[in-house]
Amino acid sequence: MKAIALAMTSMAAAAVLAGCAHSNTPSNKDDSAFVYLLDRKPNWKENAVDTLPPLPQSDTLVPFDVSQNTPLKFFVDAKSLSVGTDGIVRYTVVITSPAGARNMNYEGVRCDTYEWRQYAGLNADHDGWDRTVESDWRRIENGELNAYHAALYQDYFCENKLPVGTAKAIVDNLMHHRTALNQIH
């Protein structure tokens, strides 16, 4: 009787081990089902930019610092700044040189991916927008002398891969030179 019980137990154990051997076979497949909420890749779609803001007036330009080593001056047009439902901060940037040369672009910063893109630039006649200069999303570059995208992203527009708030809050911070660094308590 003990021999039959021992034989049955051995056969049951062998059957269990045979079933386990198949599921423990090493593979390159990632079987993990857990994904952190913020690591999920949603089906993101950028809002269409069908209309462009009016060209900025000097009284709506708000200066911001990029580097103490650059001779250029940088401004954001307060009236053009918006935060889209797609998480993009859109704005008009004006860059002036000491000689008076002026560059103007309508751009967007994507907080969740640390990227920027240009939607339009000032046309050759300086009286409207030129959409032929529109670009795809590009990685924001750090450490460049004139890396204003990085300054806007890090100091005013984004925090924890999200816009810091409403357009009004961002403009208010720009106007009062309240950067992310000097808001830490």
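Located above this text is the structure these notes cover.
Anyway, here's the lowdown on the structure attached to this text. For clarity, every value in this text was computed on a predicted model and none was experimentally measured. Counting restarts for each chain, with residues numbered from 1 along the sequence as it is written. Where totals are concerned, whole chains, interfaces and linings use all residues; where local detail is concerned, this predicted model gives features only for residues with pLDDT of at least 70, and gives and counts side-chain atom pairs only at 80 or more. Each side-chain value is worked out from all heavy atoms of the structure, with water and hydrogens disregarded.

Quick look at the packing of aromatic side chains
Think of it this way: a Phe, Tyr or Trp ring, Trp meaning its six-membered ring, pairs with another when their centres are within 6.5 Å, and the plane angle makes it stacked under 30 degrees, edge-to-face over 60, tilted otherwise. This structure, assessed with the given rule, holds seven aromatic pairs. When the centroid spacing of 6.5 Å and the interplanar angle of 70 degrees are considered together, the rings of W44 and W137 count as edge-to-face. With a gap of 93 residues between them, W44 in the loop between helix 1 (2-23) and strand 1 (61-64) and W137 in the loop between strand 7 (129-130) and strand 8 (138-139) connect regions that are remote in the sequence. You can call W44 partly exposed: its relative accessible area is 30%. For the ring pair F74 and Y148, a centre distance of 5.7 Å and an interplane angle of 35 degrees mean the geometry is tilted. Note that F74 is positioned in strand 2 (residues 73-77) and Y148 in helix 2 (residues 148-157), a separation of 74 residues in sequence. Considered together, F74 and Y148 belong to a single accessibility category, that of buried residues. Among the aromatic residues, those joined into a cluster by ring pairs are F64, F74 and Y148. Think of it as a cone above the ring: NZ of Lys or CZ of Arg counts as a charge over the ring if it is within 6 Å of the ring centre and within 35 degrees of the ring normal. Its guanidinium or amino end placed over the ring of W44, R110 lies 3.5 Å from that ring's centre, counting from NZ or CZ. The ring of W137 carries R117 above its face, with NZ or CZ at 5.7 Å from the centroid. Numbering goes from the N terminus for both helices and strands, where a helix is a DSSP run of H or I of at least four residues and a strand is a run of E of at least two. Relative accessibility decides the category of a residue: with a 1.4 Å probe and only protein chains considered, values under 20% of the type maximum give buried, values over 50% give exposed, and everything between is partly exposed.

Some words on unusual backbone geometry
With phi around 55 degrees, N160 is a residue other than glycine that occupies positive phi space. Examined against the element boundaries, N160 turns out to sit in the loop between strand 9 (158-159) and strand 10 (162-163). Positive phi is not limited to glycine here, since H177 has a value of about 55 degrees. Within the fold, H177 resides in the segment after helix 3 (167-175). Exposure remark for H177: the relative accessible area of 41% places this residue in the partly exposed category.

A word on helix 3
Side chains that are three or four residues apart share a direction in an α-helix, a result of its 3.6 residues per turn. Buried within helix 3 are the following residues: I170, V171, N173 and L174. End-on view of helix 3: buried residues confined to an arc of 160 degrees, all on one side of the axis. In helix 3, those exposed residues whose orientation departs by more than 90 degrees from the buried face are K168 and M175. Check the buried side of helix 3 and you find it contacts strand 1, strand 2, strand 3 (82-83), strand 4 (88-96) and helix 2. Two residues or fewer past helix 3, H177 is found with a positive phi of approximately 55 degrees. Starting at the helix axis, one direction is taken to each C-beta atom, and the arc is that of these directions. Contacts: residue pairs with any heavy atoms within 4.5 Å of one another.

Considerations on the side chain of T92
Within the element layout of this structure, T92 appears in strand 4. T92 sits in the buried class, given a relative accessible area of 0%. In this structure, T92 is in contact with P53, P56, F75, V76, D77, S80, M104, N105, Y106 and W129, ignoring residues within four places of it in sequence.

Regarding the pattern of salt bridges
In the sections that follow, a salt bridge refers to a side-chain nitrogen of Lys or Arg positioned within 4 Å of a carboxyl oxygen of Asp or Glu. For the structure on display, the rule yields seven salt bridges. Here D112 and R110 are joined by a salt bridge, their closest N and O atoms 2.8 Å apart. A residue is classified by how much of its surface remains accessible, and D112, at 36% relative accessible area, is partly exposed. Overall, the relative accessible area of 12% leaves R110 in the buried class. The partner of E134 in a salt bridge is R117, with the nearest N and O atoms 2.7 Å apart.

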